[in-house]
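Chain by chain, the residues run as shown.
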Amino acid sequence: MTFDHDIKATVRTIPDYPKKGILFRDITTLLADARAFRRAVDELVHPWAGAKVDKVAGIEARGFILGGAVAHQLSAGFVPIRKKGKLPHTTVRIAYSLEYGIDEMEMHADAVQPGERVILVDDLIATGGTAEGAVKLLRQIGANVVAACFIVDLPDLGGAAKLRAMDVPVRTLMAFEGH
Ligand SMILES: O=P(O)(O)OC[C@H]1O[C@H](OP(=O)(O)OP(=O)(O)O)[C@H](O)[C@@H]1O
Ligand SMILES: Nc1ncnc2[nH]cnc12
């Protein structure tokens, strides 16, 4: 993990959002800072510069902002993983839980061809429930998930460890202990 105090200082913390007891790590302040945004995207893509990556999958909504930038930088296609009911064509769907709720996510069944090399991108990993669901969907349609990357890790919630236990290499740029 690259531990970068500069970009870490641009993440804002909001107590008791969206529920009492949650410390919300708000990356909108990082995104609004041009240098921090560029640095974060550069750091996320760094290990795969020059590697073969067919698709980048981003998780709605914050994962779209980063995933689009990462896909562009890697000259890869972009695949949206969306909250249920938003995609127009045939989908695969899975229920999942996250730090402060439950939901269902979907992906177009033809978004990735079997064997294609895919990197999963989101802003933050907490319990890992969201990313685990996304990896399961990608694998269900035959994707080779070569890595998952996130700006923020909340290691006490165990999400990165959960993904590594699924044989997914994980890259994160900063950690907030004690979530
Ligand atoms: O590791 P987990 O416990 O699963 O939590 C992480 C997820 O929670 C947030 O998304 P959220 O569902 O709040 O959606 P948003 O991007 O639309 O705000 C975040 O962007 C991750 O996708
Ligand atoms: N603590 C947190 N801050 C921001 N996004 C999150 N998604 C899940 N947990 C979160």
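Because the structure is predicted, anything quoted here is derived from the model rather than measured.

What counts, and at which threshold
Residues numbered from 1 in each chain as written. Chains lettered and ligands numbered in written order. Predicted model: local features only at pLDDT ≥ 70, side-chain atom pairs only at ≥ 80, totals over all residues. Heavy atoms only, no water. Near = heavy atom within 4 Å. Polar contact = N/O pair within 3.5 Å; in protein donor to acceptor, adjacent residues only side chain to side chain. Helix = DSSP H or I, 4+ residues; strand = E, 2+ residues; numbered from the N terminus. Nonpolar A, V, L, I, M, F, W, Y, C, P; charged D, E, K, R; others polar. Pairing = 2+ DSSP bridges. Axes fitted to C-alpha atoms, helices over the stretch in contact; angles between N-to-C directions. Core = buried A, V, L, I, M, F, W, Y, C linked by side-chain atoms within 4.5 Å. Buried < 20%, exposed > 50% of the residue type's maximum accessible area, 1.4 Å probe, protein only. Contact = heavy atoms within 4.5 Å. UniProt positions renumbered as here; feature names shortened; annotations may be inferred.

Participant: I keep staring at the site of ligand 2 and nothing clicks. Help me out?
Facilitator: Neighbouring ligand 2 are Ile22, Leu23, Phe24, Arg25, Arg62, Glu99, Tyr100, Leu124, Ala126 and Leu154. Leu23 is positioned with one of its backbone polar atoms (N or O) 2.9 Å from a nitrogen atom of ligand 2. With 3 residues, the single largest contributor to the shell around ligand 2 is strand 2 (residues 23-26). Residue composition of the shell around ligand 2, by class: 7 nonpolar, no polar and 3 charged.

Participant: For this particular structure, what's the right way to read the sheet that holds strand 9 (residues 170-175)?
Facilitator: In sheet architecture, strand pairing relies on hydrogen bonds along the backbone and comes in two forms, parallel and antiparallel. Across the sheet, 7 strands lie side by side as 5-6-4-3-7-8-9; this open sheet has mixed pairing. Both outer strands of the open sheet, strand 5 (91-98) and strand 9, are each paired with one neighbouring strand and no more. Pairwise comparison of adjacent strand axes, ignoring direction, gives a mean angle of 20° for this sheet. Sheet topology places strand 3 (residues 55-59) next to strand 4 (residues 77-83); 5 bridges connect them, and they run parallel. Bridging across to strand 4, Lys55 finds its partner in Gly77.

Participant: It is not clear to me how the pairing of strand 5 should be interpreted in this structure. Could you clarify?
Facilitator: Residues in a regular strand project their side chains so that they alternate between the two faces of the sheet. Two elements, strand 5 and strand 6 (residues 101-108), share 8 bridges in a ladder whose sense is antiparallel. Residue pairing in the sheet places Leu98 in a bridge with Gly101 of strand 6. In this structure, the hairpin formed by strand 5 and strand 6 is closed by a connection of 2 residues.

Participant: What exactly am I supposed to notice about the nonpolar core here?
Facilitator: Soluble, globular proteins show a tendency: their nonpolar side chains are buried together. If you look at the biggest cluster of nonpolar residues, it comprises 31 residues, and the most contacted ones within it are Leu30, Leu74, Ile119 and Ile151. Counting only elements with at least two residues in this core, the list comes to helix 2 (28-31), helix 3 (34-45), helix 4 (62-74), strand 7 (117-125), strand 8 (144-153) and strand 9. Among all residues touching Leu74, those that are not within four sequence positions of it are Val45, Trp48, Ala49, Val53, Val56 and Ile119. Ile81, Ala131, Val135 and Ala148 belong to the second largest nonpolar core, which has 29 residues in total.

Participant: What's the story with the UniProt feature "domain: Phosphoribosyltransferase" (unreviewed entry) in the chain in this structure? I'm lost.
Facilitator: Taken from the UniProt record, the annotation "domain: Phosphoribosyltransferase" (unreviewed entry) applies to residues 35-154. Helix makes up 30% of residues 35-154 and strand 39%. Its end C-alpha atoms lie 23 Å apart.

Participant: Would you explain unusual backbone geometry in this entry?
Facilitator: Generally, phi is negative for residues other than glycine and the peptide bonds are trans, each holding for most cases. In this structure, the amide linkage connecting Tyr17 to the following residue, Pro18, adopts the cis form with an omega of -5°. Within the fold, Pro18 resides in the loop between strand 1 (12-15) and strand 2. Following Glu60, the chain continues into Ala61 via a peptide bond in cis, with omega recorded as -5°. Structurally, Ala61 can be placed in the loop between strand 3 and helix 4. For Asp167, which is not a glycine, the phi torsion comes out positive at approximately 65°. For Asp167, a relative accessible area of 64% translates into the label exposed.

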